[in-house]
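Topology and contacts: notes
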Amino acid sequence: AFGVSAGANAVASSKAFHVVAAAILFWLGVATIRAQPGPAHSSERLGATAHARAFGSTITLTLANPSTIASFAAAQAAIGVGATTHPHSAVAFTSGVFAGSTAWWCLLSAGVSVLGARLGPRGLHAIQVVAGAALLGFGVVALIER
């Protein structure tokens, strides 16, 4: 929000960025398809490493998505937040995007937790295969888009 939208647009439009993004999406897709679903509700607590890996993969997926960068830059331009605006505007914009994203992920995680408890391992694996295939498809789109 502090004047990086022009740089983000340049990066998002580069062929190398799309190739790297596609590679990351392919890797995530294959890993998602191959992963074995854990128990829907386990009395075991996940360790810090599992949480860090889940957080890291979500961040990687978000950053590898050219649409994320383009829509963030478009939203900045639409409301006039950029290098020439007051720094408080950029902080408010970024904070709002962060709060909205956090609320979305909390809602999504809660819904998946409830649904996962009802589906069982076979249902969860079917969803993983569909999600992995979607990631592979997005990787193909990233390659042919530029």
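Each remark here, short or long, concerns the structure printed above.
Read on for a plain summary of the structure. (Residues numbered from 1 in each chain as written. Predicted model: local features only at pLDDT ≥ 70, side-chain atom pairs only at ≥ 80, totals over all residues. Heavy atoms only, no water.)

1. Topic: the nonpolar core
Definition in use: In these notes, a set of buried Ala, Val, Leu, Ile, Met, Phe, Trp, Tyr and Cys residues joined through side-chain atoms within 4.5 Å is what counts as a nonpolar core. Buried means the residue's accessible area, taken with a 1.4 Å probe over protein chains only, is under 20% of the maximum for its type, while exposed means over 50%, and partly exposed covers the values in between. Every helix listed is a DSSP run of H or I at least four residues long, and every strand listed is a run of E at least two residues long, numbered separately from the N terminus.
Among the nonpolar cores identified, the biggest contains five residues, and these are A22, L25, L28, L135 and A142. Taken together, the elements giving at least two residues each to this core come down to α2 (15–34) and α5 (87–145). The element contributing the most residues to this core is α2, with three residues.

2. Here we look at the environment of F26
Spelled out, the test is: Contacts between residues were defined by any pair of non-hydrogen atoms, one from each residue, lying within 4.5 Å.
One can find F26 in helix α2. The spatial distance from the C-alpha of F26 to the C-alpha of L135 is 6.6 Å, given a sequence separation of 109 residues. With residues near it in sequence (within four places) discarded, F26 still touches L136, G139, V140 and L143.

3. Description of the side chain of Q128
Where we set the bar: By the criterion applied in these results, polar contacts are pairs of N or O atoms within 3.5 Å in which, for protein atoms, one can donate a hydrogen and the other can accept it, and in which residues neighboring in sequence qualify only through two side-chain atoms.
Following the sequence through the fold, Q128 ends up in helix α5. Judged by its relative accessible area of 17%, Q128 is buried. Here T32 takes part through its backbone oxygen, which lies 3.2 Å from a polar atom of the side chain of Q128. If sequence neighbours within four positions are ignored, Q128 has contacts with T32, I33, A35, Q36 and P37.

4. Re the environment of G29
For G29, the location among the structural elements is in helix α2. G29 sits 101 residues away from V130 along the chain, and the two C-alpha atoms are 9.5 Å apart. Sequence-distant contacts of G29, that is, excluding residues within four places in its chain, are made with G132, L135 and L136.

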